[in-house]
Amino acid sequence: MNTRTVIAGTGSYLPEKVLTNFDLEKMIDTSADWILSRTGIRERHLASPEEATSDLATKAGRAALDMAGVDPADLDLIIVATLTPDHYFPSTAGFVQRNLGAGKAAAFDLEAACTGFIYALTVGDLFIKTGTYQKVLVIGAEVLSKFLDWEDRDTCILFGDGAGAAVLVPGDDSERGIISTHLHSDGSMAELLYVPAGVSRMPISKEAIDQKLNTLKMRGHEVFKVAVTRLSEVVDEVMEANGLGEEDIDFLVPHQANLRIIQATARKLKLPMEKVIVTVDIHGNTSAASVPLALDAAVRSKRINKGDMVLLEAFGGGLTWGAALVRW
Ligand code: COA
């Protein structure tokens, strides 16, 4: 039986508050032009003090359920990919379940940093393929702004808050749906991109806070180089695994971290930029939310349509990276 998992609906949510590069110029030693030329980012959205990750996730999830025509009460499973949960425990997915009124759904979080949505999509796909569940809501959601050092120009210019979601259901033919997923990780480089303190390795303390060890640290230049290499490898892997050439790909939906990384992957695939979905300019790097945010924008603007071959990819902390090939 070759029924594939179909993405029946997508949704996204960006918080109201917008922080532009010009706003950042007034806060730290940087320039709007530097940020735009090095990253492709023009602005990012910031959650309000009252907004937590589950609030963003719920809004994105609801939009995806509406598009799919799925009643939250019928959901079997909710997976939230996030590195910025509401609490250490219980899971952010549990709050989303409560907010949506998805009474019968199992719910758990998944942490694979910026690759989180690709990992969650893979897990959801397997639950559907095995026949265990019929309706799965997969969400990538982050409130990174509350984990940033707003005096560190190396990191604070890059990230933003947001959420994106997809509803997964069994397809009714063997053509449309998720064709293959590919996941990788390399823990040997974990400290290139991480938050040092706050949990069991280094519980929160006055010293940790004084040294801002509870905020995101990144060796950006090294991360950049590894990202370009690993993303090139994983797109090759997808093409080989499915016997495809670059002419077979209609759209690339990349992790929205840095326009230069996106362009490098597109070049590797010999894809013109018209076939690449870019939204990094309006929301910056939203980690696990970035791929579903870009996907939802492309679906709602009708750039991606039924039958299109869509390649999703992401790279992030862990280090982790991965890709998914979907016939829309
Ligand atoms: N404004 C102005 N100048 C800045 C700056 C800022 N916000 N941040 C760094 N600089 C300076 C540096 O101090 C350095 O100055 P120097 O040459 O005098 O030492 C110069 O700009 C170049 O720094 P470098 O780090 O080499 O720049 P870069 O071209 O690698 O770009 C990043 C920096 C962070 C944009 C880039 O490395 C990047 O995008 N990395 C990957 C980030 C990422 O995507 N992470 C998440 C993966 S999921």
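Everything here concerns the structure above.
Notes on the structure in this doc start here. (Residues numbered from 1 in each chain as written. Predicted model: local features only at pLDDT ≥ 70, side-chain atom pairs only at ≥ 80, totals over all residues. Heavy atoms only, no water.)

## With respect to the packing of aromatic side chains
Both the distance between ring centres and the angle between the ring planes are used here to describe each pair of aromatic rings. Per the stated rule, a full pass over the model turns up 2 aromatic pairs. Centre to centre, the rings of Phe127 and Tyr133 are 5.0 Å apart; their planes meet at 40°, and the pair counts as tilted. Using a relative accessible area of 25% as the deciding quantity, one classes Phe127 as partly exposed. (Phe/Tyr/Trp six-rings, centres within 6.5 Å; stacked < 30°, edge-to-face > 60°. Buried < 20%, exposed > 50% of the residue type's maximum accessible area, 1.4 Å probe, protein only.)

## Details of the side chain of Arg44
Take Arg44: it is sitting in strand S3 (residues 43–46). An unpaired buried charge is present at Arg44: no salt bridge exists, and Asp23, the closest side chain of opposite charge, is 6.9 Å distant. A distance of 2.9 Å separates the side chain of Arg44 from the side chain of Asn21, its partner in a polar contact. (Helix = DSSP H or I, 4+ residues; strand = E, 2+ residues; numbered from the N terminus. Lys, Arg positive; Asp, Glu negative; His and termini not counted. Salt bridge = Lys/Arg side-chain N within 4 Å of Asp/Glu carboxyl O. Polar contact = N/O pair within 3.5 Å; in protein donor to acceptor, adjacent residues only side chain to side chain.)

## Examining the sheet that holds strand S6 (residues 136–142)
The 5 strands are arranged S1-S7-S6-S4-S5 in an open sheet whose pairing can be described as mixed. Of all strands in the sheet, those bounded by a partner on one side alone are strand S1 (5–13) and strand S5 (106–110). Strand-to-strand twist in this sheet, taken as the mean axis angle between neighbours without regard to direction, amounts to 15°. The pairing of strand S4 (residues 77–81) with S5 spans 5 bridges and is parallel. Bridging from a neighbouring strand, Ile78 pairs with Ala107 of S5. Here helix H3 (residues 53–68) sits on the sheet in contact with S1, S6 and strand S7 (162–170), set at roughly 130° to S1. Most of the contacts of helix H4 (residues 92–100) go to S4, to which it runs at about 130°, and overall it touches S4, S5 and S6. (Pairing = 2+ DSSP bridges. Axes fitted to C-alpha atoms, helices over the stretch in contact; angles between N-to-C directions. Contact = heavy atoms within 4.5 Å.)

## Considerations on the environment of Ala63
Mapped onto the secondary structure, Ala63 falls in helix H3. The sequence separation of Ala63 and Phe159 amounts to 96 residues, and the corresponding C-alpha distance is 23 Å. The residues touching Ala63, leaving out its near neighbours within four places in the chain, are Thr10, Gly11, Ser12 and Arg300.

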